[in-house]
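Survey of secondary and tertiary structure
Each chain is listed here by its residues.
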Amino acid sequence: MPLVAGVDSSTQSCKVVVRDAETGALVRQGRAPHPPGTEVDPYAWWNALRAAVAEAGGLADVAAVSVGGQQHGMVCLDEAGEVVRPALLWNDTRSADAARDLVEEAGGGEIGRRFWADATGAVPVASFTATKLRWLARHEPANADRVAAVCLPHDWLTWKLAGAPGLAALRTDRGDASGTGYWSPHTGEYRFDLLERAFGRRIRVPVVLGPAEVAGRLDPAVLGDVPPGPGSGAVGPSGPSAGAADGPGAGGVLLGPGTGDNAAAALGVGAGPGDVVVSIGTSGTVFAVADTPAADATGAVAGFADAGGRFLPLVATLNAARVLDAAATLLGVDLDTLGELALSAPPGADGLVLVPYLEGERTPNRPDATGTLHGLTLATSNPAHLARAAVEGLLCGLADGLDALLAQGARADRIILVGGGARSAAVRRIAPQVFGRPVVVPPPGEYVADGAARQAAWVALGGDTPPDWSIGDTEEYTATPVPTIRERYAHARG
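Throughout this document, residue positions are counted from 1 along each chain, in the order its sequence is written. Local features in a predicted model are, by the rule used here, given only for residues with pLDDT of at least 70; side-chain atom pairs are given and counted only at 80 or more, and totals for whole chains, interfaces and linings are based on all residues. Computation of side-chain values covers all heavy atoms of the structure but excludes hydrogens and water.

Considering the nonpolar core
The tendency in soluble globular proteins is for nonpolar side chains to be buried as a group. One finds Val276, Val278, Ile280, Leu395, Leu417 and Phe435 to be the most contacted residues of the largest nonpolar core, which totals 52 residues. Helix numbers and strand numbers start at the N terminus; a helix is a DSSP run of H or I with at least 4 residues, a strand a run of E with at least 2. Ranked by residue count, the leading element in this core is helix 12 (residues 383-407), at 12 residues. Any pair of residues with heavy atoms lying within 4.5 Å of one another is described as a contacting pair. Setting aside anything within four residues of it in sequence, one finds Leu395 in contact with Ile280, Val427, Ile430, Ala431, Val434 and Phe435. Put simply, buried Ala, Val, Leu, Ile, Met, Phe, Trp, Tyr and Cys residues joined by side-chain atoms within 4.5 Å make one nonpolar core. Each residue gets one of three labels from its accessible area relative to the maximum for its type: buried under 20%, exposed over 50%, partly exposed in between, using a 1.4 Å probe on protein chains only. Counting 43 residues, the second largest nonpolar core, distinct from the first, contains Ala87, Trp90, Val222 and Val253.

Laid out in structure tokens, this is it:
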């Protein structure tokens, strides 16, 4: 029974799952928190990964491990491989001006947006790595001068697991590379001209691997005193220069290419044609697996690649599960009570609409926006109506993303609802009224970590496709659509 491990290094925490490579059965798992903020020392991720690995019983008995990580974050390294400055995360909006400038420099307006969409599948926004590099070059020139390489959070963690063997050993995958702003899903190649346009000069970037290629081998020394897994034996030679391996004891633990969190989640839930995944976590994402790359000049849809050799058109919002947290805090209740309140109010909340741009917004691209409440009357000035408006506002923002995907040719036979926000009974029951489609909710799980583990199993077992894992029993929710919910939201959003 070969085992594999998957890592989800998200904005808020690091999760590690160890699963049976052939069946996907969960064997053990661990978790550790990340510090808050939009600027984080990457070593905080590394320490959390080591702690989560320890809680999961170590990696000495696994055949392979892959890392799924938050997309876009800028990790800059100097010639010695040292971190130059804290990483700027996807939700750091200080590079919004840089994004606008890159579009303007490409012709501005429709011309500039079309240039970037055709070149990289996406129009620059503050989240993308390219815009953060432009910000660094302009605002911290001394730090910019030290940069020899730039990589993404999952790239850096994979490299650290290999023992940080030199900048030439940095590896990434096409899914995460497609969120940088200087890699083309259309050609499968870096656009070094765009990297130079953003940063002012060429720097080293990770080699882009195929979906099941080996990124290196785990260096057991980097985990220090992390205990081995139950029943594990000695681990053989390791490190990127080790020979071919079949698993533990035969060359070391293989490192998969890893991927971005959304691509990993698609693997984790087994998304296929006709499925649209709506993930409600720190950010909100709406994405589908496609056979052809997208190029949306409006900027609403990012034409990313996926982790399986196809494409992942995606819409992202900055405001997702934290909208529920904020509403619960405002009302002085817990999340379960918030859901009960929301379900006690009528659909549409009698005209009360929350536009939940609590941290600016990425889709639509309004980094300086704030949240607004519309339709407040004596009749709607109560906790139930506010709770309902919060849930509906969150879902309407995601439904706008679904519309954008459909405009790019995506199919949406059903919605697969995942993420922490999917645990809310109110979200599950109200979602079909907003989306107008059946909503399927898999069992609660760590689907980014599970997708990374499935990729690790693909690396360990070989084959043309990842192993077929069951995700367990799902719940399906249907309801009559209520068009007025979205109509009122669209009017309030403007």
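Let us keep going from here.
With respect to the domain arrangement of the protein chain
Domain parsing of the protein chain yields domain 1 (3-225) and domain 2 (270-438 + 478-493). The domain limits used here are those given by an automatic or database domain assignment. Between the C-alpha centres of domain 1 and domain 2 there is a distance of 26 Å. Contact residues are listed per partner, giving 30 residues for domain 1 and 26 residues for domain 2. In the sections that follow, a salt bridge refers to a side-chain nitrogen of Lys or Arg positioned within 4 Å of a carboxyl oxygen of Asp or Glu. Where domain 1 meets domain 2, there are 1 salt bridge.

With respect to unusual backbone geometry
In most cases, non-glycine residues show a negative phi, while peptide bonds are predominantly trans. Despite not being glycine, Ala164 has its phi angle at roughly 50°, a positive value. For Ala164, the position within the fold is in the loop between helix 6 (153-161) and strand 9 (171-173).

Quick notes on the UniProt feature "active site" (unreviewed entry) in the protein chain
UniProt positions are given in the numbering used here, feature names are shortened, and annotations may be inferred rather than shown by experiment. UniProt tags Asp261 as "active site" (unreviewed entry). For Asp261, the location among the structural elements is in helix 9 (residues 261-269).

Thoughts on the pairing of strand 18 (residues 302-305)
Neither face of strand 18 is left uncovered, since the one carrying Ala302 and Phe304 and the one carrying Gly303 and Ala305 both have all their residues buried. Of the strand pairs in this sheet, strand 18 and strand 19 (residues 311-317) are connected by 4 bridges, and their pairing is antiparallel. Bridge pairing in strand 19 links Phe304 to Leu312. The rule for pairing is simple: two strands pair if DSSP sees at least two bridges between them. The antiparallel hairpin formed by strand 18 and strand 19 contains 5 residues in its connecting segment, where Gly309 sits at a positive phi of about 100°.

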